[in-house]
Amino acid sequence: MDKHARIYVAGHRGLVGSAIVRNLEAKGYTNILKRTHAELDLTDDKATDAFFAEHKPEYVFLAAAKVGGIVANNTYPAEFIRDNLAIQNSVIHSAWKHGVKRLLFLGSSCIYPKLAPQPMKEEHLLTGSLEPTNRPYALAKIAGIEMCWSYNRQYGTQYLAAMPTNLYGPGDNYHPQNSHVIPALLRKFHEAKQSNQPTVTVWGSGTPRREFLYSDDMADACVYLMNLPQDQYQALLGSDESKTGRFEPPLINVGVGEDVTIKALAELVKQTVGYEGNIEFDTTKPDGTPRKLMDVTRLTSAGWKSQTNLQEGLFQVYKDFLVDQ
Ligand SMILES: NC(=O)C1=CN([C@@H]2O[C@H](COP(=O)(O)OP(=O)(O)OC[C@H]3O[C@@H](n4cnc5c(N)ncnc54)[C@H](OP(=O)(O)O)[C@@H]3O)[C@@H](O)[C@H]2O)C=CC1
Ligand SMILES: C[C@H]1O[C@H](OP(=O)(O)OP(=O)(O)OC[C@H]2O[C@@H](n3cnc4c(=O)[nH]c(N)nc43)[C@H](O)[C@@H]2O)[C@@H](O)[C@@H](O)C1=O
């Protein structure tokens, strides 16, 4: 991307979008297009089309989505499928109509089957049943991948779908019910420490394993992928199955390649916060997928690797959380 290229970061105030903007600004990009949800509702295809017609972005990071943790996904399934399908439909179609050069669509590791072999490779897409707590969201993301693939096949576009593992970072959503596990636990342990509560309750059995990537690393991977030389980028766009007979969607996993149990994560957060009480598990709450570790061979072969380990990342996020208290 040229330093003056018109780059649209959809969802620029979110966890990932804000990190992408920080990354682009630090690298000297000068022409970043941003709209809040209130300024441009991306489920509205006419408004989205008008925005693309007026501003003609050359590159698009599609980081706007309806996002939440396990209970949010399970409580608002209709919103998760509807909003995500609508956002990606209007953005991907407008990108094609107005000549966007490259688009990076962000999906999620939950697109893979609940019991996929571990670590999960890109080729495991659509090989088994999905985890029910986030199936509506996962199906919307799978449709987004297929849409990128279809536009590439029919119109020769250059749309790549990046599948992040579970993310965390500064400016995350700390809602007590709707957030993901890291912000939820940071808040729970912090509040328990402040009010001398003897116990913190962690949802589920503590046995599920999750892989966590720091949002600034995620953003760096996104910018790296968007900037790949044409031959390397083209290779990630897979192939047209109707011609090659091979199932190769334009898909790439983004993760760190290692995971921890939720119990071990809770211990780490407890240590980060400096809480000295006990941890108990509420098994009436869902565990979700038992494990979803990404195979990141494709990403590391493309030349990118994460930098921030979980302990360091948690320390940074807790520091950021304390600033807002
Ligand atoms: N967080 C995670 O652990 C993971 C996230 N992902 C994916 O990464 C991407 C970014 O997620 P994340 O940054 O965490 O999400 P956030 O919830 O932090 O941010 C989402 C952003 O989308 C915007 N948005 C939501 N709905 C609309 C809409 N209808 N019109 C316009 N803007 C809208 C919000 O705008 P505003 O701020 O103005 O309200 C917000 O900026 C998503 O595609 C998500 O599915 C994938 C795996 C894990
Ligand atoms: C990124 C990914 O995020 C969602 O999937 P998930 O990985 O299950 O996400 P989660 O962060 O909410 O939970 C991870 C694990 O942690 C446990 N857990 C313990 N205590 C708390 C707790 O207090 N809050 C939360 N949220 N979870 C807790 C929880 O029971 C689960 O076992 C998808 O719906 C989908 O949105 C998606 O793509």
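Along each chain, residue indices are assigned from 1 in the same order as the chain's sequence is written. Labels follow written order: the first chain is A, the first ligand is 1, and so on. With the structure being a predicted model, the display of local features is reserved for residues of pLDDT at least 70 and the display and counting of side-chain atom pairs for 80 or more, all residues being used for whole-chain, interface and lining totals. Think of the side-chain values as coming from all heavy atoms in the structure, minus any hydrogens and water.

Within the protein chain, the regular secondary structure consists of 12 helices and 12 strands. With the C-alpha coordinates of the protein chain rotated into their principal frame, the extents come out at 60 × 40 × 35 Å. A simple rule labels every residue: compare its accessible area, found with a 1.4 Å probe on the protein chains alone, to the largest value its type can have, and call it buried under 20%, exposed over 50%, or partly exposed in between. A total of 325 residues make up the protein chain; the buried ones form 54% of that total. In the protein chain, the share of contacts with a sequence separation of at least 24, taken over all contacts with a separation of at least 6, comes to 81%. Accessible area of the protein chain: about 14200 Å², with a carbon and sulfur share of 49%. The secondary structure listing takes helices from DSSP runs of H or I that are at least 4 residues long and strands from runs of E that are at least 2 residues long, numbered from the N terminus. Throughout, a contact is declared for two residues whenever any of their heavy atoms are within 4.5 Å. Per-residue and other accessible areas were derived by the Shrake-Rupley procedure at a 1.4 Å probe size, with only the shown protein chains allowed to occlude residues.

Moving on, we get to the packing of helix H6 (residues 181-194) against helix H10 (residues 262-273). If you want to describe how two helices pack, look at the angle between their axes and the distance between the axes. Helix axes use the C-alpha atoms of the stretch in contact, all axes being lines fitted to C-alpha atoms, and the angles between their N-to-C directions lie in the range 0 to 180 degrees. For the pair H6 and H10, interaxial distance at closest approach is 9 Å and the crossing angle is 45 degrees. Put simply, H6 runs oblique to H10. Note that H6 runs across H10; the crossing there is right-handed. Contacts between H6 and H10 pair Val181, Ile182, Leu185, Leu186, Phe189, His190 and Lys193 from the former with Ile262, Leu265, Ala266, Val269, Lys270 and Val273 from the latter. By residue class, the composition of the contact of H6 with H10 is 10 nonpolar, 1 polar and 2 charged. Reported orientations rely on four angle classes, namely roughly parallel under 35 degrees, roughly antiparallel over 145, roughly perpendicular from 65 to 115, and oblique for the rest. The handedness criterion is simple: a crossing whose near helix is rotated anticlockwise from the far helix by less than a right angle is left-handed, and one whose near helix is rotated clockwise is right-handed. Residue type decides the class: Asp, Glu, Lys and Arg count as charged, Ala, Val, Leu, Ile, Met, Phe, Trp, Tyr, Cys and Pro as nonpolar, and the leftover types, Gly among them, as polar.

UniProt positions are given in the numbering used here, feature names are shortened, and annotations may be inferred rather than shown by experiment. This chain's UniProt record puts "site: Important for catalytic activity" (unreviewed entry) on Ser108 and Cys110. Along the polypeptide, serine 108 turns up in the loop between strand S4 (102-106) and helix H5 (135-155). Relative to the assigned elements, cysteine 110 resides in the loop between S4 and H5. Those residues in contact with cysteine 110, other than ones at most four positions away along the chain, are Leu130, Asn134, Tyr137, Ala138 and Lys292.

Next up on the list: the environment of alanine 86. Here alanine 86 shows up in helix H4 (residues 77-97). Residues alanine 86 and glutamate 248, 162 residues apart in the sequence, show an inter-C-alpha distance of 25 Å. Apart from the residues within four sequence positions on either side, alanine 86 is in contact with Leu42 and Thr43.

This part is about H4. Taking 1.5 Å per residue, 21 residues should reach 30 Å; H4 reaches 30 Å between its end C-alpha atoms and fits that length. Taken as a whole, H4 has its buried residues at Phe80, Asp83, Asn84, Ala86, Ile87, Gln88, Ser90, Val91, Ile92, Ser94 and Ala95. Elements in contact with the buried residues of H4: helix H2 (45-55), strand S3 (59-62), helix H3 (70-75), S4, H5 and strand S5 (159-164). Immediately beyond the C-terminal end of H4, within one or two residues, lies glycine 99, with a positive phi of roughly 75 degrees. Expected helix span is computed as 1.5 Å times (number of residues minus one).

For two strands to be treated as a pair, DSSP must find no fewer than two bridges joining them. Reading across the sheet, the 6 strands line up as S2-S1-S3-S4-S5-S10 and stay open at both edges, with parallel pairing between neighbours. One side of each edge strand has no neighbouring strand; the edge strands of this open sheet are strand S2 (32-33) and strand S10 (251-254). Bridging between S3 and S4 involves 4 bridges; their strand directions are parallel. By the bridge assignment, tyrosine 59 is partnered in S4 with arginine 102. Contacts from H5 reach S4, S5 and S10, with the element oriented near 160 degrees to S4.

Let us look at the pattern of salt bridges. Salt bridges are defined by distance alone: a side-chain nitrogen of Lys or Arg within 4 Å of a carboxyl oxygen of Asp or Glu. Using the criterion set out here, one finds 17 salt bridges in the structure. Residues arginine 22 and aspartate 216 are paired through a salt bridge, measuring 3.1 Å at the closest nitrogen-oxygen approach. Here the residue arginine 22 occupies a position in helix H1 (residues 15-26), and aspartate 216 occupies one in helix H7 (residues 215-226), the gap between them amounting to 194 residues. For arginine 22, a relative accessible area of 36% puts it in the partly exposed group. Across the pair glutamate 248 and arginine 246 runs a salt bridge, and its minimum N-O distance is 3.0 Å. On the basis of relative accessibility, which here comes to 45%, the residue arginine 246 falls in the partly exposed class. A single salt-bridge network, built from bridges that share partners, covers Arg6, Glu58 and Lys101.

Attention shifts here to the packing of H2 against H4. The interhelical angle for the contact between H2 and H4, taken along N-to-C directions, is 35 degrees, at an axis separation of 9 Å. The chirality of how H2 crosses H4 is right-handed. On H4, the residues that touch Asp45, Thr48, Asp49 and Phe52 of H2 are Ser90, Val91, Ser94, Ala95 and Lys97. Residues belonging to the contact of H2 with H4 are distributed by class as follows: 3 nonpolar, 3 polar and 3 charged.

Take the confidence of the model for the protein chain next. Taken over all residues, the pLDDT of the protein chain has a mean of 97, while the share at 70 or more is 100%. Predicted complex, confidence summary: ipTM 0.98, pTM 0.98. Values of pLDDT, ranging from 0 to 100, describe the predictor's confidence in every residue of the model.

What follows covers the side chain of aspartate 83. Here aspartate 83 shows up in helix H4. Within 3.5 Å is the distance limit for a polar contact, defined as a pair of N or O atoms, with the added protein rule that one can donate a hydrogen and the other accept it, and that residues adjacent in sequence qualify only through two side-chain atoms. At a separation of 3.2 Å, a polar atom in the side chain of aspartate 83 contacts the side chain of arginine 82.

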